[in-house]
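Descriptive analysis of the structure
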Amino acid sequence: MTSKTETIDGSVTEYVTAVIGGQLFGLPISRVQDVFMPERLTRVPLASSEIAGVLNLRGRIVTIVDMRARLGLPKNADGKPPMAVGVDLRGESYGLLIDQIGEVLKLADNGCEENPVNLDPRMAKLAGGVHRLDGQLMVVLDVDRVLEIAPELKAA
């Protein structure tokens, strides 16, 4: 599935939307492998607090990144089970733990703006821009920046 389409007005990108701590985020659909409910998470000793654990998903070991911890937000206390968005980086599988999954939006590339100066710095370092939607701001997550958790994950 392609994430960019050409229209008369310019190119369009499709985003999978997710809510984390009440904030709407968008992930480019080209980076999303799947969406799943993480079960039987195994903690990793001495791992960063941003790593929720690992699990076996269809025969692959997937590292689960707690997006609330990554964004400096408190743990979710609403009792609802978290969801995960599966992404790949350099052949490794990751799951981004989110509060809830949304819909797929097609948004014009020329509608993507730079990060506002008043955007929370923790969000700004993970964001690749924002889209202003009706009554809310969708922060576009830069998957590469999100996965820069430890030196061993960064490109050499």
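Quick look at the structure, then.

Quick notes on the rules
Residues numbered from 1 in each chain as written. Predicted model: local features only at pLDDT ≥ 70, side-chain atom pairs only at ≥ 80, totals over all residues. Heavy atoms only, no water. Helix = DSSP H or I, 4+ residues; strand = E, 2+ residues; numbered from the N terminus. Buried < 20%, exposed > 50% of the residue type's maximum accessible area, 1.4 Å probe, protein only. Pairing = 2+ DSSP bridges. Axes fitted to C-alpha atoms, helices over the stretch in contact; angles between N-to-C directions.

1. Brief notes about the environment of Thr63
Structurally, Thr63 can be placed in strand 6 (residues 60-66). Thr63 sits in the partly exposed class, given a relative accessible area of 21%. Linking Thr63 and Thr42, residues 21 residues apart in sequence, is a C-alpha distance of 9.6 Å.

2. Quick word on the sheet that holds strand 5 (residues 51-57)
Sheet architecture is open: five strands sit in the order 4-7-8-6-5, paired in mixed fashion. Sheet topology places strand 4 (32-36) and strand 5 at the edges, where each strand pairs with a single neighbour. The average angle at which neighbouring strand axes cross in this sheet is 30 degrees, direction not considered.

3. Here we look at unusual backbone geometry
For residues besides glycine, phi is generally negative; the peptide bonds are generally trans as well. The phi torsion at Arg40 lies on the positive side, around 50 degrees, for a residue other than glycine. The exposed category is assigned to Arg40, whose relative accessible area is 78%. At Arg90, a residue that is not glycine, the phi angle is positive and equals roughly 50 degrees. With respect to the helices and strands, Arg90 occurs in the loop between strand 7 (83-89) and strand 8 (92-98).

Functional significance is not addressed by these values, which are geometric in nature.
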